[in-house]
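Observations on the three-dimensional arrangement
The lines below spell out each chain.
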Amino acid sequence: MKMIFAALTGGALLLTGTPALAQTAAPTLGPHGYGQVRLGLSAQQAKATGKLKLKLAGSGGACSGWDLKAHPTGKDSVGLYVSKKRGVAVIFAAKGMKTPQGIGIGSTLKQIKAAYPKVKTPRDFNPYVSVPGNPKAHYTFGVNKKGKLEELSLALNTQDCVS
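Residues numbered from 1 in each chain as written. Predicted model: local features only at pLDDT ≥ 70, side-chain atom pairs only at ≥ 80, totals over all residues. Heavy atoms only, no water.

1. Topic: the side chain of Ser153
- If you trace the backbone, Ser153 turns up in strand β9 (residues 149-156).
- With residues up to four places along the chain from it excluded, the contact list for Ser153 reads Val90, Ile91, Phe92, His138, Tyr139 and Thr140. (Helix = DSSP H or I, 4+ residues; strand = E, 2+ residues; numbered from the N terminus. Contact = heavy atoms within 4.5 Å.)

2. Observations regarding the environment of Ser83
- Topologically, Ser83 is positioned in strand β5 (residues 80-83).
- Ser83 sits in the buried class, given a relative accessible area of 4%.
- Residues Ser83 and Ala43, 40 residues apart in the sequence, show an inter-C-alpha distance of 7.9 Å.
- Dropping the residues within four chain positions of it, Ser83 is found in contact with Cys63, Ala89, Asp160 and Cys161.
- Within the structure, the side chain of Ser83 is placed 3.0 Å from the backbone nitrogen of Arg86, a separation counted as a polar contact.
- A distance of 2.6 Å separates polar atoms of two side chains, one belonging to Ser83 and the other to Asp160. (Buried < 20%, exposed > 50% of the residue type's maximum accessible area, 1.4 Å probe, protein only. Polar contact = N/O pair within 3.5 Å; in protein donor to acceptor, adjacent residues only side chain to side chain.)

3. Topic: the pattern of salt bridges
- Counted by the stated rule, this structure contains 1 salt bridge.
- Linking Asp67 and Lys55 is a salt bridge whose minimum nitrogen-to-oxygen distance equals 3.3 Å. Of the two residues, Asp67 sits in strand β4 (residues 64-68) while Lys55 sits in strand β3 (residues 52-56), which places them 12 residues apart along the sequence. (Salt bridge = Lys/Arg side-chain N within 4 Å of Asp/Glu carboxyl O.)

4. A look at the nonpolar core
- Ranked by size, the top nonpolar core spans 29 residues in total, and within it Leu80, Val88, Tyr116, Tyr139 and Phe141 carry the most contacts.
- Residue assignment for this core shows that the elements contributing at least two residues are β4, β5, β6 (87-92), β7 (128-131), β8 (134-143) and β9.
- If we ignore the near neighbours within four places in the chain, the residues touching Tyr116 are Thr99, Gln101, Ile103, Val129, Pro132, Tyr139 and Phe141.
- Counting 7 residues, the second-largest nonpolar core is a separate cluster that includes Val78, Tyr81, Val90 and Phe92. (Core = buried A, V, L, I, M, F, W, Y, C linked by side-chain atoms within 4.5 Å.)

5. Quick look at the side chain of Thr99
- Examined against the element boundaries, Thr99 turns out to sit in the loop between β6 and α3 (109-115).
- At a separation of 2.7 Å, a polar atom in the side chain of Thr99 contacts the side chain of Tyr116.
- The residues touching Thr99, leaving out its near neighbours within four places in the chain, are Thr28, Leu29, Tyr116, Tyr139 and Leu152.

6. Brief notes about the pairing of β8
- Bridge count between β7 and β8: 4 bridges; the pairing is antiparallel. Directly across from Val129, in β8, lies its bridge partner Tyr139.
- Between the antiparallel neighbours β7 and β8 lie 2 residues, among them Gly133 with a positive phi of about 90 degrees.
- As paired elements, β8 and β9 share 7 bridges and run antiparallel to each other. Across the sheet, Phe141 pairs through a bridge with Leu152, a residue of β9.
- Two successive antiparallel strands, β8 and β9, enclose a turn made up of 5 residues, where Gly147 displays a positive phi of approximately 80 degrees. (Pairing = 2+ DSSP bridges.)

7. Quick word on a positive patch on the surface
- Residues Lys47, Lys51, Lys53 and Lys69 make up a contiguous surface patch of positive charge.
- Mapped onto the elements of the fold, Lys51 is located in the loop between α2 (43-48) and β3.
- By relative accessible area, which is 42% here, Lys51 ends up partly exposed. (Patch = residues over 30% accessible without salt bridge, like charges linked within 9 Å, V, L, I, M, F, W, Y side chains within 5 Å. Areas by Shrake-Rupley, 256 points an atom, 1.4 Å probe, with all protein chains shown as cover. Lys, Arg positive; Asp, Glu negative; His and termini not counted. Charge placed at Lys NZ, Arg CZ, Asp CG, Glu CD.)

8. A closer look at the sheet that holds β7
- The strand order β3-β4-β5-β6-β9-β8-β7 describes an open sheet built from 7 strands, whose pairing is antiparallel. Both edges of this open sheet fall to β3 and β7, since each of them pairs with a single strand only. Across the sheet, the axes of successive neighbouring strands diverge by a mean angle of 25 degrees, strand direction being ignored.
- Here β4 runs beside β5; their pairing, made up of 3 bridges, is antiparallel. Bridge assignment links Ser64 to a residue of β5, and that residue is Val82. (Axes fitted to C-alpha atoms, helices over the stretch in contact; angles between N-to-C directions.)

Don't take any of this as a statement about function, it's just geometry.
In structure tokens form, the structure reads like this:
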């Protein structure tokens, strides 16, 4: 009787384990990008991922604005900027995106500080922190007056698209 129970248990574990194995984890924002869209990719390389849609062509030395196809933004915004000099320079978090430390839109300033103890909060500017695992990038946290995260970006330290 124990042998049948063990076989059934093993079969049940196998059956319930299969879907979990088939699932893939959602990409995180950072430390080097979002999924296949990585900081530093040229516009051509980023477009070749098949994950982007051009929204705003850059003119002269300006940056171009793009959306992640899986996370389209509204009419007057973009999901990321690509610099002619630096490549993918800034990626903005969409609803549901999180950093590897679990921070996303709606997180509190308290949660941000717990996840990133070295966060800097300059007076009259958004908090920011160097990205763990990528010294060439930083996160910027757009926190509202209630202490909730409204905007999150991953950017190259040398980005030349936004101030």
